[in-house]
Amino acid sequence: MGASTALSMRTTLVADWLALLRVDPRLPREFTDEQWPANRSLDTYRRVHHTVVADSDAEFRALLAERPIPARAAGPHSAARRGRAAR
């Protein structure tokens, strides 16, 4: 898998997984049969996540290196924050 697609794939995977968890009724195992997709879904999520995690981490670090986070600009409230922090 190319590193240029890993971050978007991981982001989509996690977003879809969270959406699935929101609608999953989380039935107890004693009320489900072998066809219930929960275990297969979890296995699939873990397998795909494992395949993209290293490349997506590398891609994210590369993005951060290209665009460093700027220092926080001093604004009208920054002096007030410093004054509270010193007390």
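Everything numeric in this text was worked out from a predicted model, so none of it was measured. (Residues numbered from 1 in each chain as written. Predicted model: local features only at pLDDT ≥ 70, side-chain atom pairs only at ≥ 80, totals over all residues. Heavy atoms only, no water.)

Some thoughts on the pattern of salt bridges
Applying the stated rule across the entire model yields one salt bridge. A salt bridge links R10 to D57; the shortest N-O distance between them is 2.5 Å. Taken as a pair, R10 in helix α1 (residues 3-23) and D57 in helix α2 (residues 38-66) lie far apart in primary sequence, 47 residues in all. A residue is classified by how much of its surface remains accessible, and R10, at 21% relative accessible area, is partly exposed. (Salt bridge = Lys/Arg side-chain N within 4 Å of Asp/Glu carboxyl O. Helix = DSSP H or I, 4+ residues; strand = E, 2+ residues; numbered from the N terminus. Buried < 20%, exposed > 50% of the residue type's maximum accessible area, 1.4 Å probe, protein only.)

Brief notes about unusual backbone geometry
Positive phi, normally seen in glycine, also occurs at R26, with a value near 50°. Mapped onto the elements, R26 comes out in the loop between α1 and α2. Under the relative-accessibility criterion, R26 is labelled exposed at 54%.

Fair warning: the whole summary comes from geometry, so function is off the table for now.
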